[in-house]
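# Structural characterization, general
Chain by chain, the residues run as shown.
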Amino acid sequence: MFRGGFFGGMPFGGMPGMGGDMDEEEADTQKMYDVLGVSKDASKSEIRKAYFKLARVHHPDRGGDEEKFKEIQKAHEILGDEEKRKIYDRMGLKGVERAGSGGGRMSRRRAPRPENITLSVDLTLTDVWKGAKKPMSFEIRQATKKTVCSECRGQGTTVRLVQMGPGMVMQAQQKCPVCQGRGTSYEDEKTVSITKEALIPKGSKTGDKVKLSGDGHSLPGMEPGDVIINLRVAKDPNFNRIGADLAYKKQITLKEALCGFEFKINHPSGTVLTVKSKPGEVITPGALKRISGWGLPQKGAYDVTGNLLIRFEVLFPVEGKFPDEERKSILKILDKLEFPKEEEVKLTLGMGVHVKLVNLGSTQFNGKTGRIISESANQGRWYVELAASGKKVAVPENCLKIEHRKNRKKAEKAAKAAEKQAAELDADEGEEPRELEEEVVHMEKVVGKPKKTPAAAAGGGSSYDEDDEEDGQGGVQCQHM
């Protein structure tokens, strides 16, 4: 039994056919367009451009107002989505919020979709720079009349009872014998050839996808299908792509490296770039230079472009084609030039290197010194023999500090002491002091990859030689730490 009356002549205080949670006031369907500064009939592309333009100005990282930026993002989120935009145009922000939460009458079950049509298209770097329009040809299934199988009611399968034994019956599912598992059929189905133009955005890369919404199969009882286009960017003979940057290798002669150069690059944009060295600039082998803004467009950003990176390779004179007279004249010039200092050879971790243990959680070993007794690291750890106790420990690489300065001083001191002792022995035996041996050696040209020389001859490193042990050149390797 219903108790109480209707307020305002309508049940539950609402409009006929609507729940009481709907507002009687007219929904605002204009505000989001005003936020982006576009008209209500603006295209998706115009909405996107307006969003990026405003986002650049009002982004908090660029000093913009955070609340204003959030409002711009919200407007783009709604108007940039076709479904949300339709709801907003009808019911305003509250309608979008209800649809997003699954409430109200906006939440309705969508019709099924046919399978997507998948295509591929090859692009050049010029397509990536400019964006492209690619004609895509494909075939779709098209029909207007749908028939549901009366046997399986469109399921494609039927259930039958199977007698397993006295009083035992099991249900078994099988393919429908009438429609052969299709469930539905289309009386006037036909295959139609279609050509559509796909818009390829700037900055696209291999693996990106472009969707032609609603241009796929058209069958009754289903929403129009989609066409998915997989993008593949072909390798360019002159450039390597690194994100939105382009890498370019350029060979120049030694003359150009020292005295200046000028060359041209045919850029994917269609522009011919003229590259000149600065007055007095010297290009060293392997030098890397950058030309800002001449890479590729960054996808999704209308004002961000990568850089062009040029790696230089310096070509030296051909061997045997450099006369002595010219060599001497150039030598006089080179002797007057200033060259950078030769880099100091730095000691790295390896066998016999003296180290100090640092940054360890254990105070037992922290600050101890020792020497490395392994050729290489094992899972990021080096084996170290501690100087004080002789104990062998495995230490992470980042907990080892090379004692290279002390090593060098000790080595120099030991070498001088050995040299002095040898001179004293020679004097005692009546011999003249020995001088260090010197020998002039000659280099040979190596073509291709150098062949590695084994550390030991085949079968020559496995036997135990007592003489080797006495000379300090052999012995048994330690197998346990």
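Note that the structure is a prediction, hence the values are computed from the model and not measured.

## A word on the packing of helix α2 (residues 44-58) against helix α3 (residues 66-79)
In a pair of packed helices, the angle between the axes and the distance between the axes together describe the arrangement. Where α2 meets α3, the axes come as close as 10 Å, and the angle between the chain directions of the two elements is 165 degrees. Of the possible angle classes, the one that applies to α2 and α3 is roughly antiparallel. Like other packed secondary-structure pairs, α2 and α3 cross with a definite hand, here left-handed. Touching Ile47, Arg48, Tyr51, Leu54, Ala55 and His58 of α2 are Lys68, Phe69, Ile72, Gln73, His76 and Leu79, all from α3. By residue class, the composition of the contact of α2 with α3 is seven nonpolar, three polar and two charged.

## A closer look at a nonpolar patch on the surface
A surface patch of nonpolar side chains, amounting to about 630 Å² of accessible area, comprises Leu258, Val282, Ile330, Ile333, Leu334, Leu337 and Phe339. Here the nonpolar patch gets three residues from one element, more than from any other, and that element is helix α7 (residues 324-334). On the secondary structure map, leucine 334 appears in helix α7. Look at leucine 334 and you get partly exposed, because its relative accessible area is 31%.

## A word on the layout of surface pockets
Here the largest pocket is characterised by a volume of approximately 1700 Å³. Contributing to the lining of the largest pocket are 42 residues, with Lys44, Arg48, Leu199, Val210 and Lys211 lying nearest its centre. Where the lining of the largest pocket is concerned, the elements lending two or more residues are α2, α4 (82-101), α5 (125-130), β2 (132-142), β7 (190-200) and β8 (209-212). Ranked by the residues each element gives to the lining of the largest pocket, the list is headed by α2, at five residues. Residue composition of the lining of the largest pocket, grouped by class: 14 nonpolar, nine polar and 19 charged. Considering only enclosed or pocket space, the second largest pocket measures out at about 700 Å³ in volume.

## Remarks on unusual backbone geometry
Here asparagine 359, not a glycine, exhibits a phi torsion of approximately 60 degrees, which is positive. One can find asparagine 359 in the loop between β16 (354-357) and β17 (369-372). A positive phi angle is found at glutamine 379, which is not glycine, with a value near 55 degrees. Following the sequence through the fold, glutamine 379 ends up in the loop between β17 and β18 (381-386). Look at glutamine 379 and you get exposed, because its relative accessible area is 78%.

## Side note on the sheet that holds β16
The sheet built from five strands is open, its strands ordered β19-β18-β17-β16-β20 with antiparallel pairing. If you trace the sheet from one side to the other, it starts and ends with β19 (392-396) and β20 (400-402), each paired once. Taken pair by pair, the neighbouring strands of this sheet meet at an average axis angle of 45 degrees, ignoring direction. In this structure, β18 lies alongside β19, joined through five bridges in antiparallel fashion. Across the sheet, valine 384 pairs through a bridge with valine 393, a residue of β19.

## Topic: the nonpolar core
Grouped together as the largest cluster of nonpolar side chains are 36 residues, with contacts concentrated most on Ile229, Phe263, Ile265, Leu308 and Ile310. When residues no more than four places from it in sequence are discounted, the contact partners of isoleucine 229 are Leu119, Val121, Met136, Ala198, Asp208, Lys209, Val210 and Leu212. Formed by 19 residues, the second largest nonpolar core is a distinct cluster that contains Val35, Leu36, Phe52 and Val96.

## Let's talk about the confidence of the model for the chain
On average, the chain scores 81 in pLDDT, and the residues at 70 or more come to 80%. In the model, residues 1-24 has pLDDT below 50 throughout and makes 12 contacts with residues more than four positions away in sequence or in other chains.

## Topic: α2
A rise of 1.5 Å per residue sets the reference length of α2, with its 15 residues, at 21 Å; its end C-alpha atoms lie 21 Å apart and thus fit the reference within 8%. Along α2, the positions that sit buried rather than exposed are Ile47, Ala50, Tyr51, Phe52 and Ala55.

Here is what the cut-offs are and how they apply
Residue numbers run consecutively from 1 along every chain, following the written order of its sequence. Confidence filtering applies because this is a predicted model: local features only for residues at pLDDT of at least 70, side-chain atom pairs given and counted only at 80 or more, and all residues used for totals across whole chains, interfaces and linings. The basis for every side-chain value is the complete set of non-hydrogen atoms in the structure, without hydrogens or water. Angles here are taken between N-to-C directions and fall from 0 to 180 degrees, while the axes themselves are lines fitted to C-alpha atoms, restricted in helices to the stretch in contact. Note on conventions: DSSP H or I runs of at least 4 residues are helices, E runs of at least 2 residues are strands, and numbering of each starts at the N terminus. Reported orientations rely on four angle classes, namely roughly parallel under 35 degrees, roughly antiparallel over 145, roughly perpendicular from 65 to 115, and oblique for the rest. Handedness of a crossing follows from how the near helix is turned relative to the far one, being left-handed for an anticlockwise turn of less than a right angle and right-handed for a clockwise one. Residue contacts are defined here by distance: any two heavy atoms, one from each residue, within 4.5 Å place the two residues in contact. The residue classification treats Ala, Val, Leu, Ile, Met, Phe, Trp, Tyr, Cys and Pro as nonpolar and Asp, Glu, Lys and Arg as charged. All others, Gly included, are polar. Patch definition: residues above 30% relative accessible area lacking any salt bridge, with like charges linked at up to 9 Å and the nonpolar side chains Val, Leu, Ile, Met, Phe, Trp and Tyr linked at up to 5 Å. Here, Shrake-Rupley sampling with a 1.4 Å probe gives the accessible areas, and only protein chains in the shown set may cover a residue. Each salt bridge in this description consists of a side-chain nitrogen of Lys or Arg and a carboxyl oxygen of Asp or Glu lying within 4 Å of one another. Per-residue accessibility, obtained with a 1.4 Å probe over protein chains only, is compared with the maximum for each type, and a residue is labelled buried under 20%, exposed over 50%, and partly exposed between these values. Cavities and pockets are found on a 1 Å grid laid over the protein atoms alone: a cavity is a set of points where a 1.4 Å probe fits but cannot escape, a pocket is an open set with protein on both sides within 12 Å along at least five of seven lines, and a lining residue has an atom within 4 Å of such a point. Grid points are joined across faces, edges and corners, and a volume is the space filled by probe spheres set on the points. Pairing between strands is defined by DSSP: at least two bridges between the two strands are required. Here, the term nonpolar core denotes a set of buried Ala, Val, Leu, Ile, Met, Phe, Trp, Tyr and Cys residues that are joined through side-chain atoms within 4.5 Å. Each residue gets a pLDDT score, which is the predictor's confidence in that residue and runs from 0 to 100. A helix is expected to span 1.5 Å for every residue after the first.

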